[in-house]
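# Topology and contacts: notes
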Amino acid sequence: MIDLIQELTESYGPSGREEEVQKVVLKYLEGHIDGHKFDPVGNLLVWKRGRDDKEVLLDAHIDEIGLVVTNIDDKGFLRVEPVGGVSPYHYVGQRVKFPKATGVVYYEGETPEEQKKNLSNLTFDNLFVDIGAGDRSEAESLVSIGTFGVYDSYFYKNGNYLTSKSMDDRIGCAVLVEVFRNLKDPRHTVIGSFSVQEEIGLVGAFVSAYSFSPQICVAVDVTDSADHPKGLKRHAMALGKGPAIKIKDKMSISHRKVVELLKQAAQKANVPYQKEVLTFGGTNAAALQRTKEGIPSATLSIPTRYVHSPSETVSLNDVEGAVKLLVSFVDLELEL
Amino acid sequence: MKEVKALYLKELSELDGVSGDEERVRNFIEEKIKDKVDSLKVDVLGNLIAFKKGTRSNRKFVLAAHMDEVGFMVTNIEDDGTLSFGPVGGVDPRVVVGKHVRINGELPGVIGYKAIHLQKKDELLASPKFENLRVHIGARSKEEASRKVELGDYISFATDFRQENSRATGKAFDDRAGCAVLMEVIEQEQRYEDDLYFAFLVQEEPGLRGSAVLFEQVCPDLALVIEGTTAGDDPGLPEHQWATRLGDGPAITFMHRGYVVNKKIYESILRVAQKYDIKHQPKRRTAGGTDAARLAKTGGGVPAGVISVPARYIHSPLSMIDLGDFENTVKLVSKILEEGEGFAR
Amino acid sequence: MDTVSLLKCLSSADSPSGYEDEVLKVIEENIKPYVDSVRKHKMNALIAVKNGQNGKKLGIFAHADEIGFVIAKLEERGFLRVEPIGGIDPKVVISQRIKIFTKQGVATGVVGFLPPHLQKDDQKDKVPDYNDIYVDVSCSPLSEAVSVGDICVIEGRCASLGDRFSGKALDNRASCAALIMAASKLEIIKNRADVYFIFSSQEEIAGPGAVSVAYELGLDEAIVVDVTHGNEHVPPMPPIKISEGPVLAVGPVINREFYKALCDVAKRHGVRTQIEPTPGRSHTDTDEVQLTRSGIKTALVSIPLMYMHTPVELVDPRDVEETARLLALASTVNL
């Protein structure tokens, strides 16, 4: 599963420009699904038919946070704006990768005092990007206004710990892919939704389930892991304690019957799990549950340190646990 | 293509249609377009949806502009006969003082402010707040005012439209400019390949509401939202922070709040603009939102493009557009429709 | 049942957003005798139908969920960290008893406060947030049974104060009571359309409880019943008072024709009403119900309430009764 995770996290796929990663997903799913389609807003939907007429939809968002070019000046320097919840602090002194160029992100300051002031009050308005272009036309041969960029970061493994950019939510995508690769003669039809533009407002997930009739939706996404020095004091989540069954975050409460079924699935598959209460943020479950006349939904989370930084870190143990849990879950009777 | 004359811009700008009270604008548009489209209907929320059948009819293409403008609502009738009011849509209280307004489209009023002579130093520097502002309609008492006005009545700015030096100034270019563009396209009385639904929407300002009920009624394959968008190209901001520039043509959006425009649609719009040498510019800030964000999230989802007439000082009683930009927007939209099924294929 | 007893009964059910089963059972028992059918919706709503004559569908919504908490983390020695469900001012949580629903039963803990003797100077005027608050469950025999994810409420206590009534969760149980009483009045007042009394879930966390039902039922008209701030003058709004009757909202999220019809029917039958201009969103289920499918003609009726989102919310039972009367009359309106 390591190769899958590495390839997915290192791929380029900022919100709104996810085509490349979706191709990677389809590559790994080949031979393991009965069909796929792209819906009108670009969500990738795949399925494997089951024996009965029930449907379960598993979702992971395939987009990552990034930057978008909004201005190119006479000297070839770029101005950017955030795509999704990106902190400018995660970019200072780092590199941003565009499809045809890599740039350095830095901050303005005409005096040491101004530099210090800007550094403590960093906004995208006092940052610029240097792609090594000598002037505007050289820059325009490499990027345009409206070109999207992502963290220039790479995947590495430290024993059980995996670090890369965009674990949020490529790790969820990896889990979904692995679930499909492990499905043999499923009881119910399993639909995989690799949805777009989650980071800017759960956009894709509002419509991914529309053309299906799932009984239940489960979103697989990352959650905070507070087990590092002075991590958020009200968060109980930690790496290595297993996948987290989300009870609540700021945008939704997991349907309590789906929570019970997830627990059942974990027990049946002998997968240790943790329960999660997140004090900020939301997942695609908040959107999926609003499809048509409503779909009972929940989120299964992968605890992750340093979310939205270029070095998100997860435990392979939790990831493999999530796969086992979901394979067991889609095999349950799923009576609500 | 018939010459663009900005035919209806003046009337559209001067009509009162605050979010929730769009009837006057809708009646005007309906009257002008009803003989130039195949059918039209008004839905439960008040959207006006006009239909033109296509020559090939394989796709349903929505062209949307919103009829509502930001304004106010009467929230209380005070004992002294003045009216308390609250904003409908996003209005900065600082643009409101010393202005003429109209209640229910006809009753004149003014929003005054304490004379400068009478203000203490800290008052001079303090921002006005809605709770301290009042509309005066000339009534002497609560009883007299209550004979003319009710709680919940709508109040709009009463700015007159002026056109000179190739520019137009007035209120509500966001988004009567968009409505005017659509009306101009309808005036062409041309038939195109796709089925067209011209959607004149309500309540965009208080949260993209009118567009939320479009999917169920039309089930569109794609959409174009025509907006009056923010310019910001005035001396207050450094150049690299301007969103658009007046005179540089229609602004094409690649991303705004809550939505990244579908790549195929965005690139197709640029291609059409380049093909016909129509002046155009990218919108350079991702702030602000349009009905495109709502369309992407309703029903089965509708991919939408966004084209805007740049406007300075939107959400104030006095904004400005360049008439050349307006004409080029009409041209661009017309040429997009002329591409037929080839557009964003 | 008289109004105060009904309010007591509904207030004492513990059902925060997402966990509405207890109160839905109580509501079902109380409304069953007055309607033709009752069923549960998968998104945790109760739908009670009283058939009408003209085939149209009027939905009357009241959210049945209340604010509460969920256990976020277990610390040592029986101290717990909580996360609120819905908007609860941390100040009102101080020195309250908290009921925690563990898998083995209810464990009651306390939210303590450092006495003045031990406070440092910089703590004296400081107001806590949830990162400072602990629930101390060491006083409960079930303290070991508490786990992350357990749902909690502030322990409620009802009080009759003169002719007013105070209790927890009157947001929105007062409205639920009004719906039940309106249903009983439909024995006498004949409703034109089929009336769907919908007790929906998750309003306090802006969940899809009401819209899911609205989507499924294909309603022609809808009235959302919620509470609004009474005796709390907030300029530029007009003063809305307790004991002066139900409040009708007017604004873009409300269908103006429906609003006028309600004002009219109220006037004709002597139901005293107040008006709440709503220039923007109402922050009730009305906002999204209006946008369901091709749009629904919606109205918003509110019961004036003081001290919203505290355990001592206060209403006048007569406002509840008048709201019930208005709702029953609303079922005769022909739009």
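Above this note sits the structure.
Below, the structure is looked at part by part. A quick note: this is a predicted structure, and the numbers were derived from the prediction, not measured.

Right, let's get into the interface of chain A and chain C. Think of interface size as the accessible area that goes away when the parts come together; that is how it is often given. Each side of the interface is counted separately: chain A has 23 residues, and chain C has 32 residues. Carbon and sulfur atoms supply 52% of the area buried between chain A and chain C, which totals about 2500 Å² over both sides. Per-residue buried area on chain A facing chain C is highest for A:Arg234, A:Arg256 and A:Glu293; these three make up 29% of the total on that side. Viewed at the interface, chain C and chain A are joined by five salt bridges. Among the salt bridges present, the one from C:Glu288 reaches A:Arg290, with a minimum N-O distance of 3.3 Å. Where chain A meets chain C, there are 14 residue pairs in polar contact (both at pLDDT 80 or more). Its residues assigned to classes, the side of chain A that touches chain C comprises eight nonpolar, six polar and nine charged.

So, about the pairing of strand E15 (residues 274-277) of chain C. Residue and element names in this part refer to chain C. Inspection of the sheet shows strand E14 (residues 247-250) paired to E15 by four bridges, in the parallel sense. Paired with Val 247 across the two strands is Gln 274, which belongs to E15. What joins E14 to E15 is helix H5 (residues 256-268), and the crossover it makes is right-handed.

Tracing the chain through its elements places C:Asp150 in the loop between strand E8 (135-136) and strand E9 (151-154). Despite its burial, C:Asp150 remains without a salt bridge, the nearest opposite charge being carried by A:Lys275 at 5.0 Å. Within the structure, the side chain of C:Asp150 is placed 2.8 Å from the backbone nitrogen of C:Ser147, a separation counted as a polar contact. The contacts of C:Asp150, once residues within four sequence positions are left out, are C:Phe69, C:Val70, C:Ile71, C:Ile100, C:Phe101, C:Thr102 and C:Ala145.

The strands making up a sheet associate through backbone hydrogen bonding, with each pair oriented either parallel or antiparallel. Residue and element names in this part refer to chain C. Reading across from one edge, E10-E11-E17 is the order of the three strands in this open sheet, with antiparallel pairing throughout. The open sheet is flanked by strand E10 (159-161) and strand E17 (313-315), the only strands paired with a single partner. This sheet shows a mean twist of 25° between the axes of neighbouring strands, independent of strand direction. Bridging between strand E11 (residues 164-167) and E17 involves three bridges; their strand directions are antiparallel. If you follow Phe 165 over to E17, its bridge partner there is Val 315. Taken strand by strand, helix H1 (residues 3-11) contacts E10, E11 and E17, and its axis lies near 10° from that of E11. The sheet contacts of helix H3 (residues 170-185) involve E11 and E17, and relative to E17 the element is tilted by about 30°.

What counts, and at which threshold
Residues numbered from 1 in each chain as written. Chains lettered and ligands numbered in written order. Predicted model: local features only at pLDDT ≥ 70, side-chain atom pairs only at ≥ 80, totals over all residues. Heavy atoms only, no water. Contact = heavy atoms within 4.5 Å. Buried area = accessible area lost by both parts, 1.4 Å probe. Salt bridge = Lys/Arg side-chain N within 4 Å of Asp/Glu carboxyl O. Polar contact = N/O pair within 3.5 Å; in protein donor to acceptor, adjacent residues only side chain to side chain. Nonpolar A, V, L, I, M, F, W, Y, C, P; charged D, E, K, R; others polar. Pairing = 2+ DSSP bridges. Helix = DSSP H or I, 4+ residues; strand = E, 2+ residues; numbered from the N terminus. Right-handed = clockwise from strand over helix to strand, strands pointing away. Buried < 20%, exposed > 50% of the residue type's maximum accessible area, 1.4 Å probe, protein only. Lys, Arg positive; Asp, Glu negative; His and termini not counted. Axes fitted to C-alpha atoms, helices over the stretch in contact; angles between N-to-C directions.

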